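Overview (structure and organization)
Read off the chains here:
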Amino acid sequence: MFEVISNQQLATDIFELTIKAPRIAQHHRPGQFCIIRAAQHCERIPLSVADKDSGAGTITTVVQAAGHSTQEIVRFQPGDYLLDVVGPLGQPTHIGNPKYAAFIGGGFGAPAGYLMLKALKDAGAELLAIIGFRTRDLVIYEEKFHNVSDELIVTTDDGSYGHHGLVTEPLGERLANGESFDLIMVVGPVVMMAAVAEVTRPYGIKTLASLNPIMVDGTGMCGACRVTVGGQTKFACVDGPEFDAHQVDFRELSERLKMYQAGETQAYEAGPHQCKVEPRYWQVRENDG
Ligand SMILES: Cc1cc2nc3c(=O)[nH]c(=O)nc-3n(C[C@H](O)[C@H](O)[C@H](O)COP(=O)(O)OP(=O)(O)OC[C@H]3O[C@@H](n4cnc5c(N)ncnc54)[C@H](O)[C@@H]3O)c2cc1C
Ligand code: FES
């Protein structure tokens, strides 16, 4: 059982949970994720580690209450216990020795880049961060990115805050003006990652995308997280989640993410799951004395 230390709402439907998980905090490396199962009847939900404190033995994750299971996770309050937190999972980011690197983050994907940038900073890189949101009210982690990067650009689709437009615009301008990066990392919605890959492709800049396919076990057994990279099948949970963005089949990833949409909507509309077996089990136990 994993104690929730804090739960803070950052924006509409976006919550930051800090969880006591000393072993994960100790072993986690940037780029890796964890899987949370809130309670017995819940799905296993992959979530990035947005921050950690090895001393305090805590990890922090930023959760968008997108559907049924994430809604259940964000209901947990300080002092409550999550049933399972498994991790760290996946491969750590290969930081290398870039002199100038950029992180491009979108929506709830942006916090996933914070520890990557911290690691790049520690490796001595100069850093540009571009984080994009639909509108001002959804802007999160601005101060944290400001503290860790040399330059931060915030974009909003509707122009209500920062640069008016998509994250690809300031990035494209920089590249067109002759700026060159040793590494670009991107985390966010599939369409955004695909667009960033197209912007950097003509310049041949190494671009890593952290993919978010549907996952089940997170250990390479079930195949749910199958993605095609450079024509080869990879399992994002064990081979990734980061891959060369120029090689990823984003169209297939997008299609696979929609596979269970009808069921997801049904589960969301039905509200929290009511287990029919568990009450019966306890009743039988009681009757048996
Ligand atoms: C490695 C990894 C790291 C992730 N990190 C985070 C994170 O830090 N914070 C966070 O909020 N979410 C993160 N996600 C996405 C998160 O796991 C999904 O949003 C979640 O599984 C949705 O479950 P649900 O039952 O609440 O919603 P569902 O009812 O399953 O889906 C609701 C909506 O979300 C979409 N969706 C479902 N699964 C995904 C997915 N894997 N990625 C994107 N959209 C999805 C559906 O198409 C649907 O529109 C991550 C996913 C992966 C694979
Ligand atoms: S989630 Fe099952 S193989 Fe990756």
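The following refers to the structure shown. Predicted, not measured: the structure shown is a model, and the values here were computed from it. (Residues numbered from 1 in each chain as written. Chains lettered and ligands numbered in written order. Predicted model: local features only at pLDDT ≥ 70, side-chain atom pairs only at ≥ 80, totals over all residues. Heavy atoms only, no water.)

**Let's talk about the sheet that holds strand β7 (residues 81-82)**
Pairing between sheet strands relies on hydrogen bonds along the backbone, with the strands arranged either parallel or antiparallel. An order of β5-β6-β2-β1-β7 is seen for the five strands of this open sheet, with the pairing classed as antiparallel. In this open sheet, the two edge strands, each paired with only one partner strand, are β5 (51-53) and β7. As defined by bridge partners, strand β2 (residues 14-20) adjoins strand β6 (residues 58-64) across seven bridges and the pair is classed as antiparallel. From the neighbouring strand, I19 faces β6, where its bridge partner is I59. (Pairing = 2+ DSSP bridges. Helix = DSSP H or I, 4+ residues; strand = E, 2+ residues; numbered from the N terminus.)

**Here's the deal with the side chain of T200**
Tracing the backbone shows T200 in helix α6 (residues 190-200). Separated by 2.8 Å, the side chains of T200 and T207 make a polar contact. With residues up to four places along the chain from it excluded, the contact list for T200 reads L171, L175, I184, I205, T207 and H246. (Polar contact = N/O pair within 3.5 Å; in protein donor to acceptor, adjacent residues only side chain to side chain. Contact = heavy atoms within 4.5 Å.)

**Looking at the nonpolar core**
Within the largest apolar cluster, 53 residues are counted, with the highest numbers of intra-cluster contacts made by I59, L120 and F145. Here this core spans two domains, and each of domain 1 (2-89) and domain 2 (100-257) adds at least three residues to it. Residues in contact with I59, not counting those within four places in the same chain, are L17, T18, I19, A21, I24, A25, C34, V49, D51, K52 and V85. Of all hydrophobic cores here, the second largest spans 34 residues; its members include F33, I104, V167 and A245. (Core = buried A, V, L, I, M, F, W, Y, C linked by side-chain atoms within 4.5 Å. Buried < 20%, exposed > 50% of the residue type's maximum accessible area, 1.4 Å probe, protein only. Domains from an automatic or database assignment.)

**Re the pairing of strand β14 (residues 207-210)**
Alternating residues of β14 divide into T207 and A209 and L208 and S210, and every residue in both groups is buried. As defined by bridge partners, strand β13 (residues 183-187) adjoins β14 across three bridges and the pair is classed as parallel. Note on β14: the bridge partner recorded for M185 is L208. Running through α6, the crossover from β13 to the neighbouring parallel element β14 is right-handed. Across three bridges, the pairing between β14 and strand β17 (residues 242-244) is antiparallel. (Right-handed = clockwise from strand over helix to strand, strands pointing away.)

**Brief notes about the site of ligand 1**
Residues in contact with ligand 1 amount to 22 residues; listed here are only the nearest, P46, V62, Q64, T70 and N212. A distance of 3.2 Å separates an oxygen atom of ligand 1 from a polar atom in the backbone of G67. P213 is positioned with one of its backbone polar atoms (N or O) 3.4 Å from a nitrogen atom of ligand 1. Considered on its own, ligand 1 offers 870 Å² of accessible surface; in the complex 86% of this is hidden by protein. For the shell around ligand 1, the secondary structure elements donating two or more residues are β4 (45-48), β6, α2 (68-74) and α9 (261-270). If you tally residues by element for the shell around ligand 1, the top one is β4, at four residues. When residues of the shell around ligand 1 are assigned to domains, at least three fall in each of domain 1 (2-89) and domain 2 (100-257). (Near = heavy atom within 4 Å. Areas by Shrake-Rupley, 256 points an atom, 1.4 Å probe, with all protein chains shown as cover.)

**Some words on the pattern of salt bridges**
Scanning the model with the defined rule gives eight salt bridges in all. Notably, a salt bridge pairs K144 with D51, separated by 2.6 Å at the nearest N-O pair. Taken as a pair, K144 in helix α4 (residues 142-148) and D51 in strand β5 lie far apart in primary sequence, 93 residues in all. For D51, a relative accessible area of 13% gives the class buried. Residues K121 and D150 are paired through a salt bridge, measuring 3.4 Å at the closest nitrogen-oxygen approach. Here K121, found in helix α3 (residues 114-122), pairs with D150, found in the loop between α4 and β11 (151-156); they are 29 residues apart in sequence, far enough to count as distant. On the accessibility criterion, D150 (46% relative accessible area) is partly exposed. (Salt bridge = Lys/Arg side-chain N within 4 Å of Asp/Glu carboxyl O.)

**Looking at the pairing of strand β15 (residues 226-229)**
In this sheet, strand β16 (residues 232-235) lies alongside β15 in antiparallel orientation, the contact comprising four bridges. Considered in β16, the bridge of T228 is made with T233. Between the antiparallel neighbours β15 and β16 lie two residues, among them G230 with a positive phi of about 60°.

**Focus on the packing of helix α5 (residues 168-176) against α6**
Packing of α5 against α6 leaves a shortest axis separation of 10 Å and a crossing angle of 10°. Classified by the angle their axes make, α5 and α6 are roughly parallel. In this structure, α5 uses T168, L171, G172 and L175 to contact α6, whose residues at the interface are A195, V196, V199 and T200. Here the residues of the contact of α5 with α6 sort into five nonpolar, three polar and no charged. (Axes fitted to C-alpha atoms, helices over the stretch in contact; angles between N-to-C directions. Parallel < 35°, antiparallel > 145°, perpendicular 65-115°, else oblique. Nonpolar A, V, L, I, M, F, W, Y, C, P; charged D, E, K, R; others polar.)

Keep in mind that these numbers describe shape and distance, not what the molecule does.
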